[in-house]
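This is what each chain is made of:
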Amino acid sequence: MFSLQNPFALLLLLLPLLLAAFRKIRLLNRITFKAVLSDWNGNSFEYKNKGTKLISVIAKLLTTVSFVFTVFAFSEPVISVQEKIYNSLGTDIIFVMDTSPSMMAKDMDDKTRLEASKNAIKLLLQANKGARFGLVGLGSDAAVLVPPTFNQDYFNSQLESVFVGKLGNGSAIGDGLATAVCHLSSSEAPGKCIILLTDGENNAGEINPQTAAKLAAEKQINVYVVGLGTKGNFPIEYTDPVTGVSYMGSYNSSFDADSLKRIAAVGNGGYYEVQTLQELNSVLAGVTKSQGTNQHFSYKNNTRPLYKKFLLIAIIAMLVSWFIKKIILRELSAVNFRKSLAVKRVFQFFYFIFVVLSFLGFSWGTYLMPVKQSSHAVSFVFDISNSMNALDSYGGISRLKSASVFASRLIENMEGTSVSVILAKGDGIEAIPLTEDSSYINSLLEIISSDLVTVPGTSLENGIIKAKKSFPENYSTASHIWLFTDGEETLGKMEKAICSCVESGIAVTIIGFGSKEESEIFAGDKKTKVKTALREEKIKAVVESVNEKYNIYKSNAKVSYINANEKGSAQKLLLQIKNKEKENIITTYEIKPLSRHKFFLALAFICLILSYLITEFNYRFFKKFLFFGTAVIIFSSCSQTSSKILSGTVKWQQGQYSESVEKYYEALENAKRRENQKEIDACLYNLGTAYMMMGEMESAMKMFMQISTDAEDKILFSTYYNAGIIAHEQEDYDSARDFFKKALKIDSSRLDAKINFELSVNFEQADVPQREGQSFEGSQDEQIQDEMEKAVFEHIKENDKKQWKSNNETPQRNLADDY
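On a predicted model such as this, the values are computed, not experimentally measured, just so you know.

Undergrad: Honestly, helix H17 (residues 597–616) in this entry has me stumped. Any pointers?
TA: Side chains three or four residues apart in an α-helix point the same way, a direct result of the helix having 3.6 residues per turn. Counted at 1.5 Å a residue, the expected span for H17 with its 20 residues is 28 Å, and the 29 Å between its end C-alpha atoms agrees. Residues of H17 that are buried include every one of His597, Lys598, Phe600, Leu601, Ala604, Phe605, Cys607, Leu608, Ser611, Leu613, Thr615 and Glu616, and no others.

Dropping the structure here:
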């Protein structure tokens, strides 16, 4: 939706009318006249050539267009798009897809069964942005290809890579269902289901399909079965991926519908037969709708500024108009007014320069934008360079093995937290998207090695950037990146990547592994010996540099370093993802740059106005005008902070609290530069009230606490009163009582403060016995995992590890430059 964020700027369109009116009453005197040498014969001037007249009119129109578009640029045109942000989990759905050769039968709207399945799944994903989807492939074996995740880009890329024969020529339906159950068991989603897409019957694997379905039912996971295609003879083309032999002919399609129905019945789901792509789309949409849950969400307004497009048109029109007037028409000016015209041209030149500077989009200064989050998400970034193979970690194991064990123990205590795994080699590889599937993550951690990716060199920078991109934009999560490394990076651009994360409100923690004493290892070529150690000082220098750069912000996006060998290192990490806020709401902050395009446009319009006032103003009024203009300039410079505060207050009254925060931060910067404590206090108070309206109570309290005790009584009373309200809402009745008491000392006549003071005292007294009566009892594990379930899950986990190894059996390259 198109809108103007500063519509009052359109009043500048009245300037040409004012100019004409002032010239009409002789308050301003026009000092130029046009003359074209080829048309002027000494008589009174007029254009004789119609073409020249037309060109002159075009020049005037272009000048008008340039002015109008510049004014519209100053009014801040934007296009706003509302994006749905999910604050709670929805349904977790895992597709179990048959990849046996029969899936190449072309009997579904001239598409193969495999193609139809892929198309239907993609269509379903587009309509369900709030659900998490996973993918299991089944053939003679079964393997999870995508754990339940919000990352639809990752899902689609893996879905595209599925081909017939990928996992053998059989149909291990039981193994496929059990694999899906195993990878849904750790999910905390309120709804969970499995959708089996097959055209055959169970003829491979070690697990009975009904056993897997029963296990799903015990885990409150519904199983839906979709039988694909029709019975009869159909054309088929198939190339065996192992032998490369191509087969072409007809396929006699038949499957045991009764056995598939029994699977669905045991799994508390449903059975469907589909013969067309439209039927498949309808069935999948119906199943997803039946499994839907009440998911909380909010809307985020994403605005795209358009001022640059308006300014580009204005600049082009301005340049073309100048070219027509000075080059084509060769306009001259009156000789008697040469000095005045020089002054006018200087101002108009600066007008053009300031418009260009505004178009270039310069910005300086930043402000914090609070963002509410409902959960935590962590991206594990593993340095898997050759230096991580040094055997200098505790117990004589390699640094990489130590990192994987450390990460596994963290996973055990991160229930309900989504985790992704990034391998910091090459451009950074997203091995596992954000998921709560701890089983799948552990299967990778158990076999992780420097041979998983045969790309030379470590790029911690690319790993961090890839981790940053792994967090979903449409889900409300407080994001963290935990980097496991020894600091021996090939590329030295890690600091830039970390800064990018901090500006997006993502906390980064570097966990160091290895000994600080150097030891020798073989490089990637297995011949060259190099020295390696935990480069702790280098890591700390990066951390200190980033924190020093952003230390003025009270942001949750901190950068820290932890030595894995230190006592309590894991606990420090886990504390980052424990919700301390009321109602599990986490507040993070994004660092936004302050754009200065409006500042340059304001200077441009000032220059344009002065170019006419100074040079055309009637002489007898000149002295009065000069005095008045000087007074206005002095007043405007002195009241710049007040103007920003007023602008922010207008935004506040309009309910545009985020925009008001930006205005108040600009005013605060001006006040600090002028060291005006009175204005600083006013700005801090306004910021606090804006944050309160946004529900960011912690940020509001930080602003209130910075207000000087020497501030005006009116500001101090309101500050203490509002701080008391915040403390009371946070159930900190002791602090609330003290704040209201301070407010009453300033103005004892305020009845509202007296009432709130007494309420806080009463709540505090009522809360004491409750706190004293609280007791905490240790919890014990009261359930023992069923032997059948344990055996099934162990079988699935072994398959997962085999799958990771088989996926990464690639020829080794010369990695001599890999440290």
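Undergrad: Looking at this structure, how should I read the nonpolar core?
TA: One broad trend across soluble globular proteins is that nonpolar side chains are buried collectively. Counting residues in each nonpolar core, the largest one holds 61 residues, and the members touching the most others are Phe380, Phe382, Trp482 and Phe484. Contacts of Trp482, omitting those with residues within four sequence positions, involve Val378, Ser379, Phe380, Val381, Leu410, Met414, Thr509, Ile511, Leu573, Gln576 and Ile577. Membership of the second largest hydrophobic core comes to 38 residues, among which are Ile680, Leu684, Phe717 and Ala743.

Undergrad: Can you walk me through the packing of helix H3 (residues 113–127) against helix H8 (residues 277–290) in this structure?
TA: Helix packing for two helices is described by the angle between their axes and how far apart those axes are. Where H3 contacts H8, the axes come no closer than 9 Å and their chain directions differ by 40°. As the angle between them shows, H3 and H8 are arranged oblique. At the point where H3 passes H8, the crossing takes the right-handed sense. Contacts between H3 and H8 pair Ala116, Ser117, Asn119, Ala120, Ile121, Leu123 and Leu124 from the former with Leu277, Leu280, Asn281, Leu284, Ala285 and Thr288 from the latter. The class makeup of the residues in the contact of H3 with H8 is 9 nonpolar, 4 polar and no charged.

Undergrad: Explain the sheet that holds strand E6 (residues 191–198) to me, please; I cannot follow it from the model alone.
TA: Hydrogen bonds between backbone atoms are what pair the strands of a sheet, whose relative direction is either parallel or antiparallel. Reading across from one edge, E5-E4-E3-E6-E7-E10 is the order of the 6 strands in this open sheet, with mixed pairing throughout. Only two strands of the sheet have a single neighbouring strand rather than two, namely strand E5 (142–149) and strand E10 (271–274). The sheet shows a mean angle of 15° between the axes of neighbouring strands, direction not considered. With 4 bridges joining them, strand E7 (residues 222–228) and E10 adopt parallel strand pairing. Along E10, the bridge assignment pairs Val226 with Tyr272.

Undergrad: Would you take a moment to explain the packing of aromatic side chains for this structure?
TA: Geometry of an aromatic ring pair is reported as the spacing of the ring centres plus the angle between the planes. Tallied over the full model, the rule gives 23 aromatic pairs. Aromatic pair Phe74 and Phe605: ring centres 5.7 Å apart, planes at 40°, arrangement tilted. One end of the pair, Phe74, is in helix H2 (residues 50–74); the other, Phe605, is in helix H17, with 531 residues separating them in the sequence. Here the two residues Phe74 and Phe605 agree in accessibility, since each one is buried. An aromatic cluster is built from Phe349, Phe350, Phe354, Phe362, Phe599 and Phe600, whose rings are joined through pairwise contacts.

Undergrad: I would appreciate a short explanation of unusual backbone geometry in the present structure.
TA: Leaving glycine aside, a negative phi is the common case for residues, and trans is the common case for peptide bonds. Phi angles above zero are rare outside glycine, and Asp109 is one such case at about 55°. Within the secondary structure, Asp109 sits in the loop between strand E3 (91–98) and H3. When its relative accessible area of 45% is taken as the criterion, Asp109 is described as partly exposed. Within the chain, Asp110 stands out as a residue other than glycine whose phi angle is a positive 60°.

Undergrad: Could you clarify how one ought to interpret the environment of Phe600 in this entry?
TA: Inspection of the secondary structure assignment puts Phe600 in helix H17. A relative accessible area of 9% means that Phe600 is categorised as buried. Taking C-alpha positions, Phe600 is 9.0 Å from Ile353, a pair spaced 247 residues apart along the chain. If we skip the residues at most four places from it in the chain, Phe600 touches Phe354, Leu357, Ser358, Phe362 and Trp364.

What counts and what doesn't
Residues numbered from 1 in each chain as written. Predicted model: local features only at pLDDT ≥ 70, side-chain atom pairs only at ≥ 80, totals over all residues. Heavy atoms only, no water. Helix = DSSP H or I, 4+ residues; strand = E, 2+ residues; numbered from the N terminus. Expected span 1.5 Å × (residues − 1). Buried < 20%, exposed > 50% of the residue type's maximum accessible area, 1.4 Å probe, protein only. Core = buried A, V, L, I, M, F, W, Y, C linked by side-chain atoms within 4.5 Å. Contact = heavy atoms within 4.5 Å. Axes fitted to C-alpha atoms, helices over the stretch in contact; angles between N-to-C directions. Parallel < 35°, antiparallel > 145°, perpendicular 65-115°, else oblique. Left-handed = near helix turned anticlockwise from the far one by under 90°. Nonpolar A, V, L, I, M, F, W, Y, C, P; charged D, E, K, R; others polar. Pairing = 2+ DSSP bridges. Phe/Tyr/Trp six-rings, centres within 6.5 Å; stacked < 30°, edge-to-face > 60°.

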